[in-house]
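Understanding the architecture of this molecule
Residue strings, one per chain:
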Amino acid sequence: MSPARQLAFAILTVVDRGGYASDLLAAGAAPLDSRDAGLASEIVFGVLRYQAQLDYLIELYSGKPAARLDGPVRQALRMGIYQLRYLERIPAHAAVSESVDLIKRARKRSAAGFANAILRKVNRDPVPWPDSAVELSHPAWLLERWQRQYGDEVAEAIARANLRVPETYVNPETSRIQDIGSQAVVPLLRVEPGQAFLDLCAAPGNKTAQALAAGARAIACDFHLHRLAPLKALGIDLVVLDGTQPLPFRRPFDRILIDAPCSGTGTLAHNPEIKWRLQPNHLADLRARQMALLEQGRRALAPGGLLVYSTCSLESEENEDVVAGVPRELVVETMQRIPGRDAGDGFYAAVIKSGH
């Protein structure tokens, strides 16, 4: 059994229970050589990006809806079909036999013959997909939202961009791997050397590092202590707090960044599991927290200061609707990056000036 397939299967199982693929791969792939680590990553992200297509193919080849299969059987079939149909240079016998072995190891030996028969039917012939949700491998409700908000053409471009392997970018100012969309947020603050800078939702620290590179005196905050661990190397004050509650700082800040927790729908190329987890009712809960963060952040802004509210969401509830609570004359500018139209992940940002 190849270590790449073993790891991919284990990670996809944990993702099904709420884990995040990127974090799990970073930890699990460390002992593997680069070839096995690369294959594990390719299988994990490919299965998650194309999950709706793969589940349709399971039903097409087996006559049974994927949802009715045992979890380990469904996961192994997704992996096998993905390798057989979507990847080059994978020997068919390896994809079939190791997928069947995964099922046996998961103590579902009775399904091994069933899985073997399905995988031997898989080919690369074109398949007429039943609808756009399957073809674009996104939940129908999410596609419909984007169609209403951005129009059919842009909505399809977003979905197709989410199916592609994202490019890797390095920020030349900080030498950190940071998406090009994410890099565009901090420059909106026009940070000057010596300014007091507050990053209210700082983890993992890429944007804090940008502010430091511009000469700011920074304080970085987050809700969870463990999320601040990657920022220790920056050598700045780190504060664990709930930014929706009154902030503990005596002095105001010249520049404040609120990179708010959000649905993450702008990052589905990097985090494809989000699209299968997110539900429409989650947006209202997120918006309430985002509005509270913005209110507390504005109270900590010095006269003449600037605050940026940003998300990696494409949803208006988390973006324009949150900023609508700020007097219009205080909103200096807004920026939006959309996958498929702009390079990198999707982002929204609003630059807000002090009301005093």
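Structure first, text after, so check above.
So, here is what we can say about the structure in this document. Residue positions are given per chain, counting from 1 as you read along its sequence in written order. With the structure being a predicted model, the display of local features is reserved for residues of pLDDT at least 70 and the display and counting of side-chain atom pairs for 80 or more, all residues being used for whole-chain, interface and lining totals. The side-chain figures draw on all heavy atoms in the structure; neither hydrogens nor water molecules are used.

**Examining the sheet that holds strand β7 (residues 347–353)**
Quick reminder of the rule: At least two bridges found by DSSP between two strands are what make those strands a pair. Comment: elements are numbered from the N terminus, with helices defined as DSSP H or I runs of at least four residues and strands as E runs of at least two. A fitted line through C-alpha atoms represents every axis, and for helices the fit uses only the stretch in contact; the resulting angles, taken between N-to-C directions, go from 0 to 180 degrees.
The mixed open sheet is built from 7 strands, whose spatial order is β3-β2-β1-β4-β5-β7-β6. Lying at the two open borders of the sheet, with one neighbouring strand each, are β3 (237–240) and β6 (331–337). For this sheet the average axis-to-axis angle between neighbouring strands, irrespective of direction, equals 15°. Summarising the sheet, strand β1 (residues 196–199) and strand β4 (residues 253–259) pair through 3 bridges and their orientation is parallel. When the sheet's bridge partners are listed, F197 is paired in β4 with R255.

**Brief notes about the side chain of N319**
Under the convention used in this document: Any two residues whose heavy atoms approach within 4.5 Å are treated as being in contact.
Counting through the fold element by element, N319 comes out in the loop between β5 (301–311) and α16 (320–323). If we ignore the near neighbours within four places in the chain, the residues touching N319 are Y309, T311, S313, L314, Q336 and Y348.

**Describing the nonpolar core**
For clarity, the cut-off: Throughout this description, the term nonpolar core refers to a set of buried Ala, Val, Leu, Ile, Met, Phe, Trp, Tyr and Cys residues connected via side-chain atoms within 4.5 Å. Burial classification: accessible surface area is computed with a 1.4 Å probe over protein chains only, and a residue below 20% of its type maximum counts as buried, one above 50% as exposed, and the rest as partly exposed.
Ranked by size, the top nonpolar core spans 46 residues in total, and within it V44, V47, L77, M79, I81 and L119 carry the most contacts. When contributions to this core are tallied by element, the ones reaching two or more residues are α1 (3–16), α2 (21–28), α3 (34–49), α4 (51–62), α5 (71–86), α6 (92–105) and α7 (112–119). With 8 residues, the top contributor of residues to this core is α3. Not counting chain neighbours up to four residues away, the residues in contact with L77 comprise I58, L69, F114, A115, I118 and L119. Grouped together as the second largest cluster of nonpolar side chains are 25 residues, C201, F253, L293 and L294 included.

**A closer look at the pairing of strand β2 (residues 217–222)**
Stated precisely, the cut-off is as follows: Handedness of a crossover is defined as follows: orient the strands so they point away from the viewer, and if the path from the first strand over the helix to the second runs clockwise, the crossover is right-handed.
Taking burial as the measure, the 6 residues of β2 include 5 buried ones, the bulk of the element. Sheet topology places β1 next to β2; 4 bridges connect them, and they run parallel. Following the sheet pairing, F197 is matched in β2 by A218. Taking the sense of rotation as the criterion, the β-α-β connection linking β1, helix α12 (residues 206–213) and β2 turns out right-handed.

**Description of the packing of helix α9 (residues 140–150) against helix α10 (residues 152–162)**
Note the threshold: Reported orientations rely on four angle classes, namely roughly parallel under 35 degrees, roughly antiparallel over 145, roughly perpendicular from 65 to 115, and oblique for the rest. Note on convention: near helix rotated counterclockwise from far helix by under a right angle means a left-handed crossing. Clockwise means right-handed. Residues are grouped as follows: Ala, Val, Leu, Ile, Met, Phe, Trp, Tyr, Cys and Pro are nonpolar; Asp, Glu, Lys and Arg are charged; all remaining types, including Gly, are polar.
Between α9 and α10, the least distance of the axes is 7 Å, while the angle of their chain directions is 135°. In terms of orientation, α9 lies oblique with respect to α10. The interaxial crossing formed by α9 with α10 has right-handed handedness. Here L143, W146, Q147 and Y150 of α9 come into contact with α10, specifically with D152, V154, A155, I158, A159 and N162. Split by residue class, the contact of α9 with α10 holds 7 nonpolar, 2 polar and 1 charged.

**Here's the deal with the packing of aromatic side chains**
Here is the rule we go by: When the centres of two rings from Phe, Tyr and Trp lie within 6.5 Å, Trp using its six-membered ring, the rings pair. Their planes under 30 degrees apart give stacked, over 60 give edge-to-face, and anything left gives tilted. Only Lys NZ and Arg CZ are tested; either one counts as a charge over a ring when it is within 6 Å of the ring centre and within 35 degrees of the ring normal.
In total, this model carries 5 aromatic pairs according to the counting rule given. Aromatic pair Y56 and W129: ring centres 5.8 Å apart, planes at 65°, arrangement edge-to-face. With Y56 in helix α4 and W129 in the loop between α7 and α8 (132–135), the pair connects residues that are 73 residues apart, well separated along the chain. Through pairs of rings, three or more aromatic residues link up here, namely Y50, Y82 and Y86. Between R277 and the ring centre of Y20, over which it is positioned, the NZ or CZ distance is 4.8 Å.

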